Amino acid sequence: MSDEVHRPGQPGYIHPRARRERAHFSSDFWLEDEDPEEIIARDEATTTRLGVDPQEMARKMAWAVKLSRQKEHYCKTFTQNRFTISSAYYRMMVWCPLCEREGGNGELLIIDNVTGEELYFPLMMPHLVSVHHFFESPRSSYRVEPEQAHRALTHFDTPEDFVYPSTKKE
């Protein structure tokens, strides 16, 4: 069951921009002296070493995004089973730098209330991970570390009938 978060002594809304330790990093997907193909190769090696399917990881992130877009959760903090999810949406759309077919306009924070693991990601991340196996530059403030995503999403359940990316044409 999903409920709004209203804990005594805590704010009713947790802004998803939780990665303040990366605030001094670049906002670019990759820097001029970096090759995105090399970043992708390293990230694929990491997911292989972890035994993680990038498609399943992207599917879990996409499910959290879908939940956050529901009217009762939009730009709010809410709970979903053992997780706290918080989203922020913006007017500006950022397009995928690798294919320009998909975009994102916000940020999400998922907190596993049992383990304390947190995962912050821009809303384009499910596309980047699913289609390109790209988690962004290690020097980007928006990078998702595959290990962190794996730890944070291990217990995040998605309905079996939820397909990402969607096979239906819109």
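Further up the page is the structure itself.
An account of the accompanying structure is given in this report. (Residues numbered from 1 in each chain as written. Predicted model: local features only at pLDDT ≥ 70, side-chain atom pairs only at ≥ 80, totals over all residues. Heavy atoms only, no water.)

### Remarks on the overall build of the chain
Then, number 1: A count of helical and extended segments in the chain gives four helices and five strands.
Then, number 2: When its helices and strands are written in sequence order, the chain yields β-α-α-β-β-β-β-α-α.
Then, number 3: Of all 170 residues assigned to the chain, the portion counted as buried reaches 47%.
Then, number 4: Nonlocal contacts in the chain, meaning residues at least 24 apart in sequence, comprise 70% of its contacts between residues at least 6 apart.
Then, number 5: If you sum the accessible surface of the chain, you get close to 9400 Å²; carbon and sulfur atoms cover 51% of it. (Helix = DSSP H or I, 4+ residues; strand = E, 2+ residues; numbered from the N terminus. Buried < 20%, exposed > 50% of the residue type's maximum accessible area, 1.4 Å probe, protein only. Contact = heavy atoms within 4.5 Å. Areas by Shrake-Rupley, 256 points an atom, 1.4 Å probe, with all protein chains shown as cover.)

### Notes on the pattern of salt bridges
Then, number 1: Taken as a whole and assessed by the stated rule, the structure comprises eight salt bridges.
Then, number 2: A salt bridge links Arg-139 to Glu-34, with the nearest nitrogen and oxygen atoms 3.8 Å apart. Here Glu-34 lies in the loop between β1 (2-4) and α1 (36-50) and Arg-139 lies in the loop between α3 (125-132) and α4 (146-153), a separation of 105 residues in the sequence.
Then, number 3: Several salt bridges converge on common partners, so that one network encompasses Asp-33, Glu-34 and Arg-139. (Salt bridge = Lys/Arg side-chain N within 4 Å of Asp/Glu carboxyl O.)

### Re α4
Then, number 1: Along α4, the residues classified as buried are Pro-146, Ala-149, Ala-152 and Leu-153. The arc that holds the buried residues of α4, viewed along the axis, is 130°, so those residues lie on one side. (Arc of directions from axis to C-beta.)

### Some thoughts on the pairing of strand β3 (residues 83-95)
Then, number 1: Both strand β2 (residues 77-80) and β3 contribute to a ladder of four bridges, which runs antiparallel. From the neighbouring strand, Gln-80 faces β3, where its bridge partner is Phe-83.
Then, number 2: Counted along the chain from β2 to the antiparallel partner β3, the turn is two residues long, and its residue Asn-81 has a positive phi close to 55°.
Then, number 3: Pairing between β3 and strand β4 (residues 103-112): nine bridges, direction antiparallel. What sits directly across from Tyr-89, in β4, is Gly-106. (Pairing = 2+ DSSP bridges.)

### Focus on the layout of surface pockets
Then, number 1: Of the volumes computed, that of the second largest pocket is approximately 300 Å³.
Then, number 2: Lining the second largest pocket we find 16 residues, and of these Met-92, Val-94, Gly-106, Pro-122 and Tyr-142 sit closest to its centre.
Then, number 3: Of all elements in the fold, only β3 and β4 reach the threshold of two or more residues within the lining of the second largest pocket.
Then, number 4: For the lining of the second largest pocket, the element with the most residues is β4, which contributes four residues.
Then, number 5: For the lining of the second largest pocket, the per-class residue count stands at nine nonpolar, four polar and three charged. (1 Å grid on protein atoms, 1.4 Å probe; cavity = no way out; pocket = protein on both sides within 12 Å on 5 of 7 lines; lining within 4 Å. Points joined across faces, edges and corners; volume = space filled by probe spheres on them. Nonpolar A, V, L, I, M, F, W, Y, C, P; charged D, E, K, R; others polar.)

### Observations regarding the nonpolar core
Then, number 1: Core analysis: the largest hydrophobic core is formed by 35 residues, its most contacted members being Met-61, Ile-85, Leu-108, Ile-110, Leu-119, Phe-121 and Phe-156.
Then, number 2: At the level of secondary structure, the elements contributing two or more residues to this core comprise α1, α2 (54-68), β3, β4, β5 (118-122), α3 and α4.
Then, number 3: The element that contributes the greatest number of residues to this core is α2, accounting for eight residues.
Then, number 4: Dropping the residues within four chain positions of it, Ile-110 is found in contact with Ala-64, Phe-83, Thr-84, Ile-85, Glu-117, Glu-118, Leu-119, Phe-121 and Leu-153. (Core = buried A, V, L, I, M, F, W, Y, C linked by side-chain atoms within 4.5 Å.)

### Structural notes on the packing of aromatic side chains
Two descriptors summarise a pair of aromatic rings, namely the distance from one centre to the other and the angle between the planes of the rings.
Then, number 1: The final tally for this structure, using the stated rule, is four aromatic pairs.
Then, number 2: With centroids separated by 5.0 Å and ring planes inclined at 85°, the aromatic side chains of Phe-83 and Phe-156 adopt a geometry described as edge-to-face. Of this pair, Phe-83 sits in strand β3 while Phe-156 sits in the segment after α4; the two residues are 73 residues apart in sequence, bridging distant segments of the chain. By the burial criterion, Phe-83 is buried, and Phe-156 matches it. (Phe/Tyr/Trp six-rings, centres within 6.5 Å; stacked < 30°, edge-to-face > 60°.)

### Focus: the state of the cysteines
Then, number 1: The full count for this structure, using the stated rule, is zero disulfides.
Then, number 2: For the unlinked cysteine Cys-96, the closest cysteine sulfur is that of Cys-99, found at 3.7 Å. (Disulfide = S-S within 2.5 Å.)

Taken by themselves, the reported measurements are silent on function.
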